[in-house]
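Structure assessment
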Amino acid sequence: MSDWGSVPVTGSTTLPPDPGVMKAIGLNHALPTAIADLVDNSVDAGATTVLVRFVRDDARLLGVYVVDDGRGMDESTLDRAMTVGSRRDYDSTALGHFGIGLKAASLGQAAGVTVISRADGPAVGRRWTMQKAADSFECEIVSAEFATATMDTAWGPLTTQRGTVVRWDGVKEFPGARNAKVVERYLETTLTGLRQHLGLVFHRLLEERRFSLLVDIHDVAVSESGPPFLVDPIDPFAYVRSGHPAYPCTLTAELDGAGVELRCHIWPGRSQLPGFHLSGTPERHQGFFFYRRGRLLQDGGWNAVTHPEKHLQLARVAVDIDDHPAAFTMNPEKTRVETASAFAQAVDEASGPGGENFADYLRDAEGAYRDSRKRSRSRPRVVPPGRGFAPALRRAIGRELEYLAGEEPIEILWGDFKDDSFFDVDREARTVWVNKRYRAAVLGGRGGSLNDAPVVKALLYLLVEDLFRGAYLGAKDRDNVELWRSVLTAAAKEETG
Ligand SMILES: Nc1ncnc2c1ncn2[C@@H]1O[C@H](COP(=O)(O)OP(=O)(O)OP(=O)(O)O)[C@@H](O)[C@H]1O
Ligand SMILES: [Mg+2]
């Protein structure tokens, strides 16, 4: 028996899976990726609007709904939909592929999933609970009245004459304590993360207006829903100006006899756009962004082509995998793409129209990153802004400049002046005083507050900040203050008319 021959068989016996297998499915999902899986189905059903609704009472979270106005399902379609692994005929735009998304995403997150749907006939409903599924693969039938009432509920801006409602009960990660504060905190962070994830995954489809996606919170204690938030698309390539003039650049990799296009981008350094930061740090989102049928499957990662590195954080490559089913495989959660073993070499050998290659690209991305760091290092350190500056203004200054250690912040405040000077620099009090008599003119009718007039304050800060560094004012500095005061006072008088 030392040869590797084929195995002889004498017959077969049917061994259906033990229902306990249900306990294992969907465990790799997180709440946002699981909800994205349900949204995929709504998009496949041709929905124009999808609503994700969190349901709470005073002190607890009760469940989640994903509701769409798509084509809906009749009873036999719904039975097939609830069957694990039941694949249908997918058209060339379908996001579905495995026939498990709905069940895995739901039972990974919740103790029970109810699907209620209406096509052209009566509303129908089915429920899987983890308990019943794992005991005996028994799927429950929802009462017809309840199904109809659910479809006829007011679902915000949706019309659900046709459509589908997916309901999760017993969501595992919901806070257990009965405590309104805890619920609010959970909702705040979860909804931020969810809108971020959905906005990214569906950014192309949302930009193309294939559908719109809403999130709201329904409070059963008062039977009211809060205003729905629209999920905005978050495009991970939407910089205003490229970080390198030669990019974006398309390289073509030869894989299995077909050309795979690698759209190579370099972000500008230190961008504050949400499309750059995504969830967490931009460092985690370097590398490949794979799309299938307009849906994002992977938000960064190098797939063994190179290693993630701080210096490569501006490099992002968009790849549409639609036409290359043999070279790319998505995981069932649709959050990663496995690449064929030949991928890394194909990328190494990829080239652009002018003979550019991937090694050049990585080097350029690294260079752009180093340049952007150099620029900020060559700027002098400054005295931080303190009271009187709007928080957004303080943050903007903080992003651009490093602060001197141990320097008291500069305040910028309105004060009573004996004369008509526009401003004064008070080094002892670490304060720039601005003459109150010009306040109404500067504000132009808006109400005053501690942080008002951000433009004027920003300009004054940029002008005088360096006077607060060091021990004393030199003659040149004093003359500058005289000059600025005289010109600005004339200007301010002009403003007041
Ligand atoms: N919101 C919906 N509207 C209409 N039909 C739906 C909806 N959700 C699910 N279905 C039906 O149920 C089937 C099973 O959905 P499921 O998500 O489990 O698998 P899939 O979408 O076919 O593949 P994948 O595992 O890749 O998601 C779908 O193919 C579709 O026919
Ligand atoms: Mg699906």
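Remember, predicted model here, so these are calculated numbers, not experimental data.

1. Focus: the overall build of the protein chain
Broken down by element type, the protein chain carries 14 helices and 19 strands. A compact globule built from 497 residues would reach a C-alpha radius of gyration of about 23 Å, whereas the protein chain, at 30 Å, exceeds it by more than 25%. Within the protein chain, contacts between residues at least 6 apart in sequence are counted, and of these 66% link residues at least 24 apart. Carbon and sulfur atoms make up 52% of the accessible area of the protein chain, which totals about 25600 Å². Across the protein chain, 59 positive and 68 negative side-chain charges occur, with their mean positions spaced 5 Å apart.

2. Comments concerning a nonpolar patch on the surface
Taken together, the side chains of V21, V84 and F137 present a nonpolar region at the surface, about 200 Å² in accessible area. Assignment of secondary structure puts V21 in the segment before α1 (31-44).

3. Concerning the sheet that holds strand β10 (residues 249-255)
Strands sit in the order β10-β11-β14-β12-β13 across an open sheet of 5 strands; the sheet is mixed. Two strands lie at the open edges of the sheet, namely β10 and β13 (295-299), each paired on one side alone. Direction aside, neighbouring strands of the sheet carry axes that sit 25 degrees apart on average. As paired elements, strand β11 (residues 258-266) and strand β14 (residues 315-320) share 4 bridges and run antiparallel to each other. By the bridge assignment, C264 is partnered in β14 with V317.

4. Considerations on the domain arrangement of the protein chain
Domain boundaries in the protein chain define domain 1 (19-227), domain 2 (249-376) and domain 3 (391-496). Summarising the inter-unit geometry, the C-alpha centres of domain 2 and domain 3 are found 46 Å apart.

5. Topic: helix α6 (residues 180-201)
Look at α6: 31 Å from first C-alpha to last across 22 residues, which is about the 32 Å you get at 1.5 Å a residue. The complete set of buried residues in α6 reads V183, Y186, L187, T190, L191, L194, Q196, L198, G199, L200 and V201. Of the residues flanking the start of α6, the one acting as N-cap is N179, its side-chain oxygen 2.8 Å from the backbone nitrogen of K181.

6. Things to note about the pattern of salt bridges
Applying the stated criterion across every chain yields a total of 27 salt bridges. Across the pair D169 and R167 runs a salt bridge, and its minimum N-O distance is 2.8 Å. The exposure class assigned to R167 is partly exposed, which follows from its relative accessible area of 27%. When the shortest N-O distance is used, the salt bridge between D424 and R485 registers 2.7 Å. Note that D424 is positioned in strand β18 (residues 423-426) and R485 in helix α14 (residues 475-496), a separation of 61 residues in sequence. With a relative accessible area of 32%, D424 lands in the partly exposed category. For R485, a relative accessible area of 16% puts it in the buried group. In this structure, a network of salt bridges that share partners links the residues D40, R295 and K334.

7. A look at the environment of K310
When you line up the elements, K310 lands in the loop between β13 and β14. When residues no more than four places from it in sequence are discounted, the contact partners of K310 are E283, Q286 and Y369.

8. Some details on the site of ligand 1
Ligand 1 sits among 19 residues. The nearest are R88, Y90, H97, K103 and K334. Between ligand 1 and the protein, one listed contact pairs an oxygen atom with a side-chain N or O atom of K103 at 2.7 Å. Contacts to ligand 1 include T164, whose side-chain N or O atom sits 3.3 Å from a nitrogen atom. Considering ligand 1 on its own, with 590 Å² of exposed area, one finds that the protein chains cover 94% of that surface.

9. So, the sheet that holds strand β19 (residues 431-435)
The strand order across the open sheet formed by 3 strands is β17-β19-β18, and the pairing between neighbours is mixed. Strands with a single pairing partner mark the edges of an open sheet, and in this sheet they are β17 (411-415) and β18. Adjacent strand axes in the sheet meet at a mean angle of 25 degrees, parallel and antiparallel pairs treated alike. Pairing analysis gives 4 bridges linking β18 to β19, with the strands arranged antiparallel. The residue bridging V425 from the neighbouring strand is V432, located in β19.

10. Regarding the packing of aromatic side chains
This structure, assessed with the given rule, holds 20 aromatic pairs. Note on F237 and F289: the rings are 5.3 Å apart at their centroids and 70 degrees apart in plane angle, and the pair reads as edge-to-face. Within this pair, whereas F237 is found in the loop between β9 (229-230) and β10, its partner F289 is found in strand β12 (residues 287-292), the two being separated by 52 residues in sequence. In this structure F237 comes out as buried when scored by relative accessible area, which is 11%. Residue F289 is classed as buried on the basis of its relative accessible area of 0%. The rings of Y247, F288, F290, W302, F328, F343, F358 and Y361 are connected pair by pair, giving a single aromatic cluster. Just above the ring of Y291 sits the side chain of R204; from NZ or CZ to the centre is 3.6 Å.

What counts and how
- Residues numbered from 1 in each chain as written.
- Chains lettered and ligands numbered in written order.
- Predicted model: local features only at pLDDT ≥ 70, side-chain atom pairs only at ≥ 80, totals over all residues.
- Heavy atoms only, no water.
- Helix = DSSP H or I, 4+ residues; strand = E, 2+ residues; numbered from the N terminus.
- Rg over C-alpha atoms; globule rule 2.2 N^0.38 Å.
- Contact = heavy atoms within 4.5 Å.
- Areas by Shrake-Rupley, 256 points an atom, 1.4 Å probe, with all protein chains shown as cover.
- Lys, Arg positive; Asp, Glu negative; His and termini not counted.
- Charge placed at Lys NZ, Arg CZ, Asp CG, Glu CD.
- Patch = residues over 30% accessible without salt bridge, like charges linked within 9 Å, V, L, I, M, F, W, Y side chains within 5 Å.
- Salt bridge = Lys/Arg side-chain N within 4 Å of Asp/Glu carboxyl O.
- Pairing = 2+ DSSP bridges.
- Axes fitted to C-alpha atoms, helices over the stretch in contact; angles between N-to-C directions.
- Domains from an automatic or database assignment.
- Expected span 1.5 Å × (residues − 1).
- Buried < 20%, exposed > 50% of the residue type's maximum accessible area, 1.4 Å probe, protein only.
- Polar contact = N/O pair within 3.5 Å; in protein donor to acceptor, adjacent residues only side chain to side chain.
- Near = heavy atom within 4 Å.
- Phe/Tyr/Trp six-rings, centres within 6.5 Å; stacked < 30°, edge-to-face > 60°.
- Lys NZ or Arg CZ within 6 Å of the ring centre and 35° of its normal.

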